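Examining the three-dimensional arrangement
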Amino acid sequence: MVDTPSAARGAVEGVPTELGDLCPGWFSERIGGRLVARRLGVLSDYQRGRGCLDEMTARSVTELLLVCEAQNTLAERLAVAETTARGVPGGRS
């Protein structure tokens, strides 16, 4: 993947742009030469306490997409763990 300036993709610098299908659930913008992505959804306290973040920064589009994808995977798995911890049949409290 090639890091292209946001203006080259039709975005105005400093204005949030959706990462779209590449990384659903995140908005990104360039701030001071860095890319910042903010999660659109709300994390539970359980997810937040185990490493999920609401905001990510990166130096390139590729780095940002990889980190956001990793955060999405972590949040999904922690949601399952949280459900299990709450007493899903067969789970332990």
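Refer to the structure presented above.
Residues numbered from 1 in each chain as written. Predicted model: local features only at pLDDT ≥ 70, side-chain atom pairs only at ≥ 80, totals over all residues. Heavy atoms only, no water.

Comments concerning the overall build of the protein
Of regular secondary structure, the protein possesses two helices and four strands. By residue count, 30% of the 93 residues in the protein fall in the buried class. Sequence separation of 24 or more characterises 42% of the internal contacts of the protein that already satisfy a separation of 6 or more. (Helix = DSSP H or I, 4+ residues; strand = E, 2+ residues; numbered from the N terminus. Buried < 20%, exposed > 50% of the residue type's maximum accessible area, 1.4 Å probe, protein only. Contact = heavy atoms within 4.5 Å.)

Focus: the pairing of strand β3 (residues 34-39)
Across six bridges, strand β2 (residues 26-31) lies against β3 in antiparallel orientation. Directly across from E29, in β3, lies its bridge partner V36. The turn joining β2 and β3, which pair antiparallel and follow one another in sequence, is formed by two residues; a positive phi near 55 degrees is taken by G32. Sheet topology note: the β3/strand β4 (residues 55-58) ladder contains four bridges and is antiparallel. Of the residues in β4, the one forming a bridge with L35 is A58. (Pairing = 2+ DSSP bridges.)

Some points on the nonpolar core
With ten residues, the main nonpolar core is built from C23, W26, L35, A37, M56, A58, V61, L64, L65 and C68. Of all the secondary structure elements, the ones that give two or more residues to this core are β3, β4 and α2 (61-85). At four residues, the largest contribution of residues to this core is made by α2. The contact partners of C23, leaving out residues within four places of it in the chain, are L65, C68, E69 and N72. (Core = buried A, V, L, I, M, F, W, Y, C linked by side-chain atoms within 4.5 Å.)

In short, shape yes, function no, at least from these values alone.
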